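Architecture at a glance
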Amino acid sequence: MAYIGFLLTGGPFDSERWRTAYELGRAALDQGHEVSYFHYLDGALVPVADQTLPGCSDSGLYDEMPTEKFQELIADGADVICCGLCVDARGIDAPADYPEGVEVGLLPDLADIIGEADRVVSL
């Protein structure tokens, strides 16, 4: 089986990149592949718990918040790492704001993913 890495730079409400990353990762896990995510720049906001988008949360794209979808991936074996510098720059309190299983790392973690993955998808 393959090892697929994802670099996610878009925030949770500025585009559908997080959803594309989720769906591709979900499909890869379902096929037995190993999956890792590195959340960089505004992507560090995607797995923050307890987010809401009033007026849109019950329609299509946001019927489940991004953090809920990534928690499913973690439960199924995906690694989710957020850039520590990006976390700090955005005022995220990692122990309080991230659910269990979301790790905080640095660019060497991204370098490891890029070096070890069979394919890397950047969104």
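The name that an unreviewed UniProt entry assigns to the protein is Sulfur oxidoreductase, with the source organism given as Haloarcula hispanica.

Observations regarding the pattern of salt bridges
Oppositely charged side chains can form a pair if their charged atoms are brought close together. For the structure on display, the rule yields 5 salt bridges. A salt bridge links arginine 26 to aspartate 30, with the nearest nitrogen and oxygen atoms 3.2 Å apart. Placement of the pair is arginine 26 and aspartate 30 together in helix H1 (residues 17-30), with a separation of 4 residues, close to one helical turn. Taken together, the shared-partner salt bridges in this structure form one network comprising Arg26, Asp30 and Asp76.

Structural notes on unusual backbone geometry
Despite not being glycine, leucine 41 shows a phi value in the positive range, around 55°. For leucine 41, a relative accessible area of 38% gives the class partly exposed.

The rules behind these values
Residues numbered from 1 in each chain as written. Predicted model: local features only at pLDDT ≥ 70, side-chain atom pairs only at ≥ 80, totals over all residues. Heavy atoms only, no water. Salt bridge = Lys/Arg side-chain N within 4 Å of Asp/Glu carboxyl O. Helix = DSSP H or I, 4+ residues; strand = E, 2+ residues; numbered from the N terminus. Buried < 20%, exposed > 50% of the residue type's maximum accessible area, 1.4 Å probe, protein only.

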